[in-house]
Amino acid sequence: MPENKSYYERHIFFCLNQRDGGEACCAQHKAQAAFDRCKSQAKSLGLLGVGKVRVNKAGCLDRCAGGPIAVVYPEAVWYSYVDESDIDEIVQSHLRDGVVVQRLLTPPDVGR
């Protein structure tokens, strides 16, 4: 692996944060299931591993108003997703093919 190449080509982080007291959080929107789906789909497509893709859990990414949230690096592309078909599209389009899924982008001004 060349020195300037990242260990992973792409790294996706899913916010799985759970807040107490009923405060809005990604965990309320089936974020764990989305993470599991992403990892399963990426594995079935042979995308996981060194030089490829890494699927990771994250704590609060502080963009709760757009939740559930995932972010792909190194592109720093933020996604708001709804269901399994959204996750499948992110995996196939962005993680596999390098094409950002425009319709799922989190608006840049959405924060907590």
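This text follows the structure it describes.
Right, let's walk through the structure included here. (Residues numbered from 1 in each chain as written. Predicted model: local features only at pLDDT ≥ 70, side-chain atom pairs only at ≥ 80, totals over all residues. Heavy atoms only, no water.)

Quick look at the sheet that holds strand E2 (residues 53-58) now. The strand order across the open sheet formed by four strands is E2-E1-E3-E4, and the pairing between neighbours is mixed. Bordering the open sheet on either side are E2 and strand E4 (77-80), each of which pairs with just one other strand. This sheet shows a mean twist of 20° between the axes of neighbouring strands, independent of strand direction. Examined bridge by bridge, strand E3 (residues 69-73) and E4 share four bridges and lie antiparallel to one another. Pairing of Ile 69 across the sheet is with Ser 80, part of E4. Where helix H1 (residues 31-44) meets the sheet, it contacts strand E1 (10-15) and E2, and its direction lies at approximately 170° from that of E2. Helix H2 (residues 84-96) rests against E1, E2, E3 and E4 of the sheet, and its axis sits at about 160° to E1. (Pairing = 2+ DSSP bridges. Helix = DSSP H or I, 4+ residues; strand = E, 2+ residues; numbered from the N terminus. Axes fitted to C-alpha atoms, helices over the stretch in contact; angles between N-to-C directions. Contact = heavy atoms within 4.5 Å.)

Two faces belong to every sheet, and in a regular strand the side chains alternate between them. Among the five residues that make up E3, four are buried, leaving the element largely enclosed by the rest of the structure. Examined bridge by bridge, E1 and E3 share four bridges and lie antiparallel to one another. Within the sheet, the bridge partner assigned to Ile 12 lies in E3 and is Val 72. Counting the residues between successive antiparallel strands, the hairpin from E3 to E4 contains three residues, one of them, Ala 76, with a positive phi of roughly 55°. (Buried < 20%, exposed > 50% of the residue type's maximum accessible area, 1.4 Å probe, protein only.)

A separate point is the environment of Arg 63. Among the secondary structure elements, Arg 63 is positioned in the loop between E2 and E3. Setting aside its immediate chain neighbours within four residues, Arg 63 contacts Ile 69, Trp 78, Thr 106, Pro 107, Pro 108, Asp 109, Val 110, Gly 111 and Arg 112. Of the polar contacts made by the side chain of Arg 63, one reaches the backbone oxygen of Val 110; its length is 2.8 Å. (Polar contact = N/O pair within 3.5 Å; in protein donor to acceptor, adjacent residues only side chain to side chain.)

Moving on, we come to the pattern of salt bridges. For the structure shown, the criterion picks out seven salt bridges. Put simply, Arg 37 and Asp 88 hold a salt bridge, and the shortest N to O gap is 2.7 Å. Here Arg 37, found in helix H1, pairs with Asp 88, found in helix H2; they are 51 residues apart in sequence, far enough to count as distant. Residue classification places Arg 37 among the partly exposed residues on the basis of a relative accessible area of 23%. Residue classification places Asp 88 among the buried residues on the basis of a relative accessible area of 15%. Across the salt bridge formed by Arg 103 and Glu 89, the nearest N and O atoms sit 2.7 Å from each other. Separated by 14 residues along the polypeptide, Arg 103 in the segment after H2 and Glu 89 in helix H2 bring together distant segments of the chain. Several salt bridges converge on common partners, so that one network encompasses Glu 9, Arg 10 and Glu 75. (Salt bridge = Lys/Arg side-chain N within 4 Å of Asp/Glu carboxyl O.)

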